[in-house]
Amino acid sequence: MKISYNWLREYIDFKESPEKLGDILTQTGLEVEGIEKVEKIPGGLEGIVVGEVVSCDQHPNADKLKITKVDIGADQPSDIVCGAPNVAKGQKVLVATINATIHPANGESFKIKKAKIRGEVSEGMICAEDELGLGSSHDGIMVLDTDKPNGTPAIELFETGEDFIFEIGLTPNRGDATSHMGSARDLKAYFRKELTIPQPKSFKIKNDRPISIEVKDNERCPRFSGVTIRGIKVQASPDWLQWKLRSIGLEPINNVVDVTNYVLHSIGQPMHAYDATHIKGGKIIVDTLKDNTPFTTLEGKERKLSKDDLMVCNGAGEGMCMAGVLGGLNSGVTEETTDIFLESAYWNADGIRSTAQRHTISTDASFRYERGADPEMTIPAVKLGTSLILELGGGDIASDIVDIYPNPIKEKEIEIEFKTFHWLIGKELDHQLILEILNWLDIKTEEISKSGFKAIIPAYRSDVTRPADLVEEVLRIYGFNEVELDEEFSADYLAEFNEYEPYRVQEDLSRFLAGRGYSEILTNSLTSPRYYEEFPLGGEPVKMLNPSSEELTIMKTSPVYTALESVSYNINRRNPNLKFFEFGRSYKKEEKDYKESEWLSFYLTGNTAEANWLDEPRKSSFHDLSTSVLGMLKYAGIRKTEIIPSEKDTLYEYGVVIKKEGKMLGILGKLKKELLSIYGIKQAVFHAQLDWVNIIKLYKSDIAYAPIPKYPEVKRDLSLVLDKKITYADIQQLAYRQEKKLLNRMNLFSVYEGDKIEKGKKAYAISFFLQDKFKTLTDKQIDKSMNSLISLYEKELGAVIRK
């Protein structure tokens, strides 16, 4: 949830910086996950000045370009190549000077540099409004009507502003804090300052053709309020309202819809405006419709309704809105709308949650209703929304405010003793302080005695239901950090833990991989069915019964589905050189059960390192990944693995299988282009997927240290001509089996295929390192070992020794 720093200050006076206020909000239970600075005009128009076109001539090498000279207040006019069709001599324009950064309304920012365009020098850029973030038009350059001198900073012509937006990780129980006023209530208690509540302007009621209301389910719609407004003009909202909405990530639509969004984010009450011409029979009915009734929602998607979906219908029984969730396409406000009905209702949270999950819809309205809205806010919202619509769009009030509230929701009462606070907090607080904090939180206290009191909970605090909740309310305002811990407090383990517990192994290998330059990623277990449909992997997927989104309806059958989203995300943001690893799971459906598998996956793409003055950048390769994977296995105590080429793999263009003692450890290879194209990835991606359960079984953390051998190591080289099907792994296994005592290590330093050897053959050049830990090897011992290896290779592999 996004909350604006400036918007909050309209409700309560404070002088704290955004950073300090973020700490206070977090302390009071509204955890601030991040603070973002936003500018009304991106970049603040820095480097943009007023200029005057003093000449405009046709570009000699391009029909659609002009060469202009623009006076920007410097000693000499600037030569600027311009492609706008409306550029002309004598115009006052906005010019982005050299080194200025442009922040277009659509697209990424870029820096202006001196350049040659079709052979002609260009020393800046004459700007259109969308290129400066001042609007959406790209029909031509902005032509100014100003007497400002050339060279005047553009900032002097436009109203700018900045704000700081708090990203709040709102817990599901805090439905009362889903607005600026709701967040300000906590600050009211913290600062002990009263709120400034926006007051609607008074308006007259003409009672001209009111719309009647019938609610057929008062349990799921406890309160329905609204008003009819006629003769309005739907148009763009004023600048102040558009800026407020944009600052919290909302795109302005029109003055009526923007007002409903403003009211929602201001005081937390969702509203919906209906085009009155679609309210047939001049009547609104709140009821359900038959199963599988088609209904097209605002985004143009047709949905099949359930008989349990509560709907707002017209007099003809046609659905106009999924109550509290999403409006219909045909009843919404458009530029042609002149009459509206403005709804402000209180819907039952369970019903809204069921409908939203059934149709995988999440809207700002359903987000608030699911957490519990304020039943007492419907009328204030109607008055505030009506006042603003009349101010911004004109019109007349054509009815009294309708308010159907047959069974008013009573405030909860909770009896509590003071000792409960002391017992749960661990510190004795002054009784008067407890009462004061609760009163500032709008919780009234009655029947106060030395031992306790009765608390009256406002209806909007649906989360406060028991004595422990009252203790939490006091503690979050008093401050968790204000509760001192006794110096004698201590903690200890009650049992010993297995050294090879999976989480310990995971931490150990994570540190190793991070030291190798890899970054850990953590991705969702849910994924889009589109990936599986276009490139099926891992078996039949597990489908979600109540998906939270249409894009997340199945559990991933392979870790690559979600990890490649992270790879694509980084590449698209000019971070193409990636080394990722992830501990994750995959899921699939079997005949009578479900199977969950654990994996350690690697993703390598781009260059091995950034370009520098010493080395040219080198593309990452299959061997870079295999080195990392085998190095990690060696670190984990898993040595002497088998490397077997993978045949006809659905995932890789080419790859290998890694085994140990007959157990499958994993696979690695180059991902197929068909898979990468789904994510728009054009560069090669190398991938490894290791069976985490088998890694755990084979893991050994005992590192044995030994002194450096006193006796020297001896190196001998062999060149073997072999059949192409024989791998280096085959050569290694035979060597270690034959020379268990003396053979210390091997190194493959050359592989050759070509016209100098027989077709279908290849030559390996290998170094063998021999060493005896207890004595110096003699030539006789060395020759004996090498001859035994040669004989073995000739007999077992049909090798020809090149001399």
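Here, the structure is the one placed above.
Just so we're clear, the structure is a prediction, and the values are computed from it rather than from any experiment. (Residues numbered from 1 in each chain as written. Predicted model: local features only at pLDDT ≥ 70, side-chain atom pairs only at ≥ 80, totals over all residues. Heavy atoms only, no water.)

Novice: Which residues make up helix H5 (residues 255–267), and what are the values?
Specialist: In this model H5 runs 18 Å from its N-terminal to its C-terminal C-alpha over 13 residues, within 8% of the 18 Å that 1.5 Å per residue would give. All buried positions along H5 are accounted for by Asn255, Val256, Asp258, Val259, Thr260, Asn261, Tyr262, Val263, Leu264, His265, Ser266 and Ile267. Put simply, Asn254 is the residue that caps the front of H5, since its side-chain oxygen is 3.1 Å from the backbone nitrogen of Val256. In the stretch just after H5, Gly268 is the one whose phi turns positive, near 85°. (Helix = DSSP H or I, 4+ residues; strand = E, 2+ residues; numbered from the N terminus. Expected span 1.5 Å × (residues − 1). Buried < 20%, exposed > 50% of the residue type's maximum accessible area, 1.4 Å probe, protein only. Polar contact = N/O pair within 3.5 Å; in protein donor to acceptor, adjacent residues only side chain to side chain.)

Novice: Describe in detail the layout of surface pockets, supporting the description with residues and values.
Specialist: Gaps left between atoms show up when a probe the size of a water molecule is rolled over them. In this model, the largest pocket occupies a volume close to 2300 Å³. Lining the largest pocket are 49 residues; nearest its centre among them are Lys640, Tyr728, Gln732, Tyr736 and Met746. Elements that contribute at least two residues to the lining of the largest pocket include exactly helix H15 (622–635), strand E35 (642–645), strand E36 (652–660), helix H18 (728–738), strand E40 (743–752) and strand E41 (761–770). Broken down by element, the lining of the largest pocket gets its largest block of residues, eight residues, from H15. Partitioned by chemical class, the residues of the lining of the largest pocket number 22 nonpolar, twelve polar and 15 charged. Counted as a void, the second largest pocket has a volume near 780 Å³. (1 Å grid on protein atoms, 1.4 Å probe; cavity = no way out; pocket = protein on both sides within 12 Å on 5 of 7 lines; lining within 4 Å. Points joined across faces, edges and corners; volume = space filled by probe spheres on them. Nonpolar A, V, L, I, M, F, W, Y, C, P; charged D, E, K, R; others polar.)

Novice: Which residues make up the side chain of Ser620, and what values do they have?
Specialist: Checked against the element boundaries, Ser620 lands in the loop between strand E34 (594–605) and H15. By relative accessible area, Ser620 is classed as buried at 9%. With near-sequence residues (within four places) excluded, Ser620 lies in contact with Leu604, Thr605, Gly606, Asn607, Thr608 and Phe686. (Contact = heavy atoms within 4.5 Å.)

Novice: Go over unusual backbone geometry, please, and point to the residues and values.
Specialist: Positive phi, normally seen in glycine, also occurs at Glu447, with a value near 50°. Along the polypeptide, Glu447 turns up in the loop between strand E27 (444–446) and strand E28 (452–457). The exposed category is assigned to Glu447, whose relative accessible area is 57%. Unlike most non-glycine residues, Arg574 shows phi in positive territory, near 60°.

Novice: Could you give me a rundown of the pairing of strand E16 (residues 272–275), with the residues and numbers involved?
Specialist: Residue alternation in E16 divides its side chains into two sets, His272 and Tyr274 and Ala273 and Asp275, and both sets are buried. Strand direction decides the pairing type here: E16 and strand E23 (residues 340–346), joined by four bridges, are antiparallel. Bridge assignment links Tyr274 to a residue of E23, and that residue is Phe341. (Pairing = 2+ DSSP bridges.)

Novice: Now, about the pattern of salt bridges: what can you tell me, with residues and values included?
Specialist: Taken as a whole, this structure holds 45 salt bridges when the rule is applied. One salt bridge in this structure joins Arg303 and Glu550, with 3.4 Å as the shortest N-O distance. With Arg303 in strand E19 (residues 302–304) and Glu550 in the loop between strand E31 (542–543) and strand E32 (554–555), this residue pair connects regions lying 247 residues apart in the sequence. A salt bridge links Arg466 to Asp469, with the shortest nitrogen-to-oxygen separation between them at 3.5 Å. For Asp469, a relative accessible area of 8% gives the class buried. (Salt bridge = Lys/Arg side-chain N within 4 Å of Asp/Glu carboxyl O.)

Novice: How would you summarise the state of the cysteines if you had to cite specific residues and measurements?
Specialist: Within this structure, the stated rule accounts for zero disulfides. No disulfide involves Cys127; its sulfur sits 9.2 Å from that of Cys82, the nearest cysteine. As a non-bridged cysteine, Cys321 has Cys313 as the owner of its nearest cysteine sulfur, 9.7 Å distant. (Disulfide = S-S within 2.5 Å.)

Novice: Mind laying out the nonpolar core, listing which residues take part and the relevant values?
Specialist: Soluble globular proteins: nonpolar side chains tend toward being buried together. Judged by nonpolar contacts, the single largest core of 52 residues is most densely connected at Leu21, Phe166 and Ile168. For this core, the leading source of residues is helix H8 (residues 378–393), giving seven residues. The residues touching Leu21, leaving out its near neighbours within four places in the chain, are Tyr5, Leu8, Phe14, Glu16, Phe166, Leu187 and Phe191. One finds Ile279, Leu289, Leu310 and Trp347 within the second-largest nonpolar core, a separate group that totals 33 residues. (Core = buried A, V, L, I, M, F, W, Y, C linked by side-chain atoms within 4.5 Å.)

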